[in-house]
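# Reading the structure
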Amino acid sequence: MTPAIQQHSASELFAHALRFENRADPYPVYEQLLRQPVVRMADGSWLATGHREIGLLLRDPRISADRLNPQLQPVRKSLLMEDPPRHDQLRQAVARHFVPRIMGMRDHIDALVTGLLDAHTTERPGQLDVVGDLAYPLPVTVICELLGVPREDERLFGALARRLTRGLDPVDTQSEKEIRELQETRAELAEYLEGLIARHRADGGGDLLAGLMNDQAPDGPMDAIDLRVTLGLLLIAGHETTVNLIANGTLALLRHPDLLTRLRNDPGLATPLVEEVLRHDPPVQMSGRSTLADIDIAGTTVPKGSRIRLLLAAGNRDPRRFADPSRFLPDRADNAHLGFGGGIHYCIGATLARAEAQIALTVLARRLVSPRLVADPPPYRENAILRGPEQLPVAFERLLPDPRGK
Ligand code: HEM
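Presented here is a report on the structure given in the accompanying data block. What you see is a predicted model, and the numbers here were worked out from it, not measured in a lab.

About the cut-offs
- Residues numbered from 1 in each chain as written.
- Predicted model: local features only at pLDDT ≥ 70, side-chain atom pairs only at ≥ 80, totals over all residues.
- Heavy atoms only, no water.
- Buried < 20%, exposed > 50% of the residue type's maximum accessible area, 1.4 Å probe, protein only.
- Helix = DSSP H or I, 4+ residues; strand = E, 2+ residues; numbered from the N terminus.
- Phe/Tyr/Trp six-rings, centres within 6.5 Å; stacked < 30°, edge-to-face > 60°.
- Contact = heavy atoms within 4.5 Å.

## As for helix α3 (residues 51-58)
Within α3, six of the eight residues are buried, which leaves the element mostly enclosed by the surrounding structure. Taken together, the buried positions of α3 are occupied by H51, E53, I54, G55, L57 and L58.

## Here's the deal with the packing of aromatic side chains
Aromatic rings considered in pairs are described by the distance between their centres and by the relative angle of their planes. This structure, assessed with the given rule, holds three aromatic pairs. Plain terms: the ring middles of Y27 and Y30 are 5.5 Å apart, the flat faces sit at 90° to each other, and that makes the pair edge-to-face. Pair noted here: Y27 and Y30 are both in helix α2 (residues 27-33), with a separation of three residues, about one helical turn. Under the relative-accessibility criterion, Y27 is labelled buried at 7%. Taking the relative accessible area as the measure of exposure, Y30 reaches 5% and is therefore buried. Between F157 and Y192, the ring centres sit 5.6 Å apart and the planes meet at 50°, which makes this aromatic pair tilted. Of this pair, F157 sits in helix α8 (residues 154-166) while Y192 sits in helix α9 (residues 176-203); the two residues are 35 residues apart in sequence, bridging distant segments of the chain. The two residues F157 and Y192 agree in class, both being buried.

## Description of the side chain of D318
Looking at the element boundaries, D318 is found in the loop between α15 (312-315) and α16 (350-367). Since its relative accessible area comes to 2%, D318 is described here as buried. In contact with D318, other than residues within four places in its own chain, are L34, G50 and H51.

Structure, rendered in structure tokens:
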């Protein structure tokens, strides 16, 4: 039996994992934290790292999705932080309008990827920043089109989205100034979204925002605040997550040239490959909850009213669940990773994110001749929770034309 880790060392290890110098590879620290699947930290909060335990907690009705520090509490919570029954009403409204719109989008996503690659390489032949040139603009374009947000407003809300997601990181990793700015950023985003909603009310249109505004739910459409908060959630989720899935997937492929060759010859590999990226190097590293009752788990009791962090990325490397967890093996059977969470808050954008990443990686593998990483590891972004490279420079010999001649 492995010795349990002491409370103070769990806190120290967790703080160590969050430190920027470990951003490129926090996994060896997670491996140490995994020795105890649920542990109380020195500040009285809890940390779950075990795959089984995180899965149980995500599905436990005695758990609330409200995990925010009261200092950062917004005026109205989004469905991500809400519990039933409000969560379910909001989620159903989104599902009614979001899910049907993402069906049948694969050809369009393929055309966007092709266009981004073609546009880019004429400017700087032989070099690509996979983040700036593809992984970021692709999901942003798609989410803007879906929601009915003008793409040219990106200048404005792109920076806001960045600042807001930094606000998700543990509060002790943020400066006073960043916390103050977070409140201002929320107000700026609210103002932008209100203007957008007002313009939509005047123009109408067939996009998701129009759908939510005119929703025919039994209890009527969302009120103005829920509409704004939900729109903000979708816009930010569409901005700050898929970018890391595409970038982390490209990194994995370029670190495993055999897989790059396989994907080039067999586009069917894209599906298990993206699932393995979501397990091995997930874009959302952790989530959080609070307890509504005492919960007995992993031989301990988490008392009512506790805050608990769920380290999804550690659960994905739990040796009790996955054989050889640190190896990148797209062929592994039964890859039940926690990359999109689980239970009632399971990611609503999972189908879209998967499609974008599968297509982007397949097109990169098919069209780039002899690609290689310019820097390994690449520079990382500050964010600890929505973790991924800031830039991903790739050099290649040439870009093959799109085989379908578009
Ligand atoms: C690779 C990309 C993505 C990853 C890894 C990801 C991951 C996650 C995770 C882990 C959760 C659960 C959070 C929790 O339980 O606390 C979640 C929830 C959510 N995601 Fe995603 N996400 C991605 C893309 C997207 C996209 C593109 C959208 C929509 C535009 C989206 C919208 C949402 C929403 C609305 C929720 C809240 C669902 C609920 O509370 O019921 N996500 N996502």
